[in-house]
Amino acid sequence: MTTDMGMPPVLTPDEADKAVLLAAPRGYCAGVDRAVVTVEQALDLYGAPVYVRKQIVHNKHVVADLEARGAIFVEELDEVPAGETVVFSAHGVSPAVHAQAAERELKTIDATCPLVTKVHHEAKRFANDDYDILLIGHAGHEEVEGTAGEAPEHIQLVEGPWDVDKIEVRDPAKVAWLSQTTLSVDETLETVAAIRERFPLLLDPPSDDICYATQNRQLAVKEIAKDADLVIVVGSGNSSNSVRLVEVALEAGAKSSYRVDDASEIDEAWLDGVRTVSVTSGASVPEALVQGVLEFLAERGYPDAKAVQSAEESLIFALPKELRRDLKAAAAAAQG
């Protein structure tokens, strides 16, 4: 790109062929926004430190920023001093964790995404009706551990179609399935189809478990990936929905796709011979990180991004009730 005496930039023939497509929606979903704001407001209200069990959301930049403000992230509750405040992450926890917090007299604020809480309720309902529950998800993921903890004697994990032959149930007529909320929609449906082939009477959850934001971001990346030479997904490596976006982009026709935490992780070699770059971000990614990627591309001759809108999102979740109660009490006290 060249300029002359303040005139508008003139694209070289090479630059004129380049394009950047930006997925919309992308980035923060309602559950992530609620969880991050919960920790921020807890720090403002109670003062540092505020403890958080596990990463509040799966993004290293968000975690680092909250740590700088006074949040202390722990793996388990025995790392939290008795009587302190602890926030449960957006991914949810099992009843055993709630019980442990009560035993240690910890003040808890539950920032579990309401859509994850919905899956917990479904697990309890199926278990009360004595169904064997097949939970589709990734072993070791916090959300899976929290959901499975609602009815451990009824739930078994199914990671994909390859696990279906190993399933053992008490009664093939009483089998239901649930899923982690951040999976690939297409892959989950493939797994469900394989399960249903073995268990034709398989019972579906009352509503789709994969969250609206995960689905919308996957639909959006399909739109920008089909004609792309390169798709860059901004998101952390432990973010299930971000990792899935790379897979969805490749399945949708992108010639290449990579996940980066931020612009510093982009390899310039990825841009060799690339005309169309598409950019998106996972549901726990601050928009500033996406803008950093766009600036990186602009510095290398790529034009301003063209937004490709595939869905509108307006959902907002209320803050956790424990925090709302204390904020209201603090406001009342301040008014005298």
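It should be noted that the structure appears before, not after, this text.
Counting of residues starts from 1 at the beginning of each chain's written sequence and follows it residue by residue. Only residues with pLDDT of 70 or above have their local features reported here, since the model is predicted, and side-chain atom pairs are shown and tallied only from 80 upward, although totals for entire chains, interfaces and linings are computed over all residues. As a convention, hydrogens and water are excluded, and side-chain values are obtained from all of the structure's heavy atoms.

Remarks on the overall build of the protein chain
Phase 1 of the analysis: To qualify as a helix, a DSSP run of H or I must reach at least 4 residues; to qualify as a strand, a run of E must reach at least 2; elements of each kind are numbered from the N terminus. Looking only at helices and strands, the protein chain features 11 helices and 12 strands.
Phase 2 of the analysis: Three labels apply to residues, based on accessible area from a 1.4 Å probe with only protein chains included: buried if under 20% of the type maximum, exposed if over 50%, partly exposed otherwise in between. Burial statistics for the protein chain: of 336 residues in total, 51% are counted as buried.
Phase 3 of the analysis: When checking whether two residues touch, look at their non-hydrogen atoms; a contact exists if any pair is within 4.5 Å. Partitioning the contacts of the protein chain with sequence separation of at least 6, the portion at a separation of at least 24 is 74%.
Phase 4 of the analysis: Methods summary: accessible areas were calculated by the Shrake-Rupley approach with a probe of 1.4 Å, and residue burial reflects only the protein chains presented. Accessible surface, the protein chain as shown: approximately 15300 Å² in total, 52% of it carbon and sulfur.

Things to note about the side chain of serine 284
Phase 1 of the analysis: Examined against the element boundaries, serine 284 turns out to sit in the loop between β11 (276-281) and α10 (287-298).
Phase 2 of the analysis: Counted as a polar contact is a pair of N or O atoms within 3.5 Å, where, for protein atoms, one must be capable of donating a hydrogen and the other of accepting one, and residues adjacent in sequence contribute only when both atoms are in side chains. Within the structure, the side chain of serine 284 is placed 3.1 Å from the backbone oxygen of histidine 58, a separation counted as a polar contact.
Phase 3 of the analysis: Ignoring sequence-local partners within four residues, the contact set of serine 284 consists of Tyr28, Val32, Val57, His58, Asn59, Val62 and Ser239.

Some points on the nonpolar core
Phase 1 of the analysis: Joining through side-chain atoms within 4.5 Å is the link that ties buried Ala, Val, Leu, Ile, Met, Phe, Trp, Tyr and Cys residues into a set, and such a set is a nonpolar core. Judged by nonpolar contacts, the single largest core of 30 residues is most densely connected at Val39, Ile56, Val57 and Val87.
Phase 2 of the analysis: The element contributing the most residues to this core is helix α2 (residues 30-46), with 7 residues.
Phase 3 of the analysis: Not counting residues within four places of it along the chain, the set of residues in contact with valine 87 comprises Thr38, Val39, Val50, Tyr51, Val52, Arg53, Ile56, Ile109 and Ala111.
Phase 4 of the analysis: One finds Val20, Leu22, Leu271 and Val279 within the second-largest nonpolar core, a separate group that totals 21 residues.

Description of the packing of aromatic side chains
Phase 1 of the analysis: A pair of Phe, Tyr and Trp rings is counted when the ring centres sit within 6.5 Å of each other, with Trp represented by its six-membered ring. The angle between the planes then sorts it: under 30 degrees is stacked, over 60 is edge-to-face, the rest tilted. Inspection of the entire model under this criterion finds 2 aromatic pairs.
Phase 2 of the analysis: Ring plane angle 55° and centroid distance 5.9 Å describe the contact between phenylalanine 126 and tyrosine 131, whose orientation is recorded as tilted.
Phase 3 of the analysis: The buried category is assigned to phenylalanine 126, whose relative accessible area is 0%.
Phase 4 of the analysis: Only when the NZ of Lys or the CZ of Arg is both within 6 Å of the ring centre and within 35 degrees of the ring normal is a charge said to sit over the ring. The ring of tyrosine 302 is capped by lysine 18, whose NZ or CZ atom sits 4.4 Å from the centre of that ring.

Focus: the packing of α2 against helix α11 (residues 321-334)
Phase 1 of the analysis: Axis definition: a line fitted to C-alpha atoms, limited for helices to the stretch in contact. Angles are taken between N-to-C directions and run from 0 to 180 degrees. Between α2 and α11, the shortest axis-to-axis distance is 11 Å and the interhelical angle comes to 35°. As for the relative orientation of α2 and α11, their crossing is left-handed in sense. Contact with α2, carried on its side by Thr38, Gln41, Ala42, Leu45 and Tyr46, involves Glu322, Leu323, Asp326, Leu327 and Ala330 of α11 and no other residues of that element.
Phase 2 of the analysis: We call Asp, Glu, Lys and Arg charged. Ala, Val, Leu, Ile, Met, Phe, Trp, Tyr, Cys and Pro are nonpolar, and the rest, Gly among them, are polar. A class-by-class count of the residues in the contact of α2 with α11 yields 6 nonpolar, 2 polar and 2 charged. Helix crossings are classified by the rotation of the near helix relative to the far one: an anticlockwise turn of less than a right angle makes the crossing left-handed, while a clockwise turn makes it right-handed.

Considering helix α5 (residues 114-128)
Phase 1 of the analysis: A rise of 1.5 Å per residue sets the reference length of α5, with its 15 residues, at 21 Å; its end C-alpha atoms lie 21 Å apart and thus fit the reference within 8%.
Phase 2 of the analysis: Every buried residue of α5 is listed here: Leu115, Val116, Val119, His120, Glu122, Ala123, Phe126 and Ala127. For α5, the buried positions fall inside an angular range of 160° around the axis, keeping them on one side.
Phase 3 of the analysis: For α5, the secondary structure elements touched by its buried residues are β6 (132-136), α6 (142-148), β7 (155-158), β8 (175-179) and α8 (212-225).
Phase 4 of the analysis: One or two positions beyond α5, positive phi appears at aspartate 130, with a value near 65°. In this scheme, a helix's expected span is set at 1.5 Å multiplied by one less than its residue total. Here the arc refers to the set of directions running from the helix axis out to each C-beta atom.

Structural notes on the pattern of salt bridges
Phase 1 of the analysis: One speaks of a salt bridge when a side-chain nitrogen belonging to Lys or Arg is within 4 Å of a carboxyl oxygen belonging to Asp or Glu. A complete count under the given rule lists 24 salt bridges for this structure.
Phase 2 of the analysis: Each of the salt bridges in this network shares a partner with another, and the network as a whole consists of Arg53, Lys54, Glu75 and Glu76.

As for the pairing of strand β5 (residues 107-110)
Here is the key point about a regular strand: its side chains alternate between the two faces of the sheet.
Phase 1 of the analysis: Relative to β5, strand β4 (residues 85-88) is paired through 4 bridges, and the arrangement is parallel. Bridge assignment links phenylalanine 88 to a residue of β5, and that residue is aspartate 110.
Phase 2 of the analysis: If you view a crossover with the strands going away from you and the path from the first strand over the helix to the second runs clockwise, you call it right-handed. Of the crossover connections in this fold, the one passing from β4 over helix α4 (residues 95-103) to the parallel β5 is right-handed. Each pair of strands is called paired provided DSSP finds at least two bridges between the two strands.

Some details on the sheet that holds strand β3 (residues 71-74)
Phase 1 of the analysis: Spatial strand order, β3-β2-β4-β5: 4 strands in an open sheet with parallel pairing. Each having just a single partner strand, β3 and β5 make up the two edges of the open sheet. Taking the axes of each pair of neighbouring strands and ignoring which way they run, one obtains an average angle of 30° across the sheet.
Phase 2 of the analysis: Bridging between strand β2 (residues 50-53) and β3 involves 4 bridges; their strand directions are parallel. What sits directly across from arginine 53, in β3, is valine 74.

What to know about the sheet that holds strand β1 (residues 19-24)
Phase 1 of the analysis: With respect to topology, 5 strands assemble into an open sheet ordered β10-β9-β11-β1-β12, the strand pairing being parallel. The sheet is open, and its two edges are formed by β10 (257-260) and β12 (306-309), each paired on a single side. When strand polarity is set aside, the average angle formed by the axes of neighbouring strands in this sheet is 25°.
Phase 2 of the analysis: Across the sheet, helix α9 (residues 240-251) is in contact with β9 (230-234), β10 and β11; its angle to β10 comes to roughly 165°.
Phase 3 of the analysis: Lying on the sheet, α10 is in contact with β1, β9 and β11; it crosses β11 at an angle near 165°.

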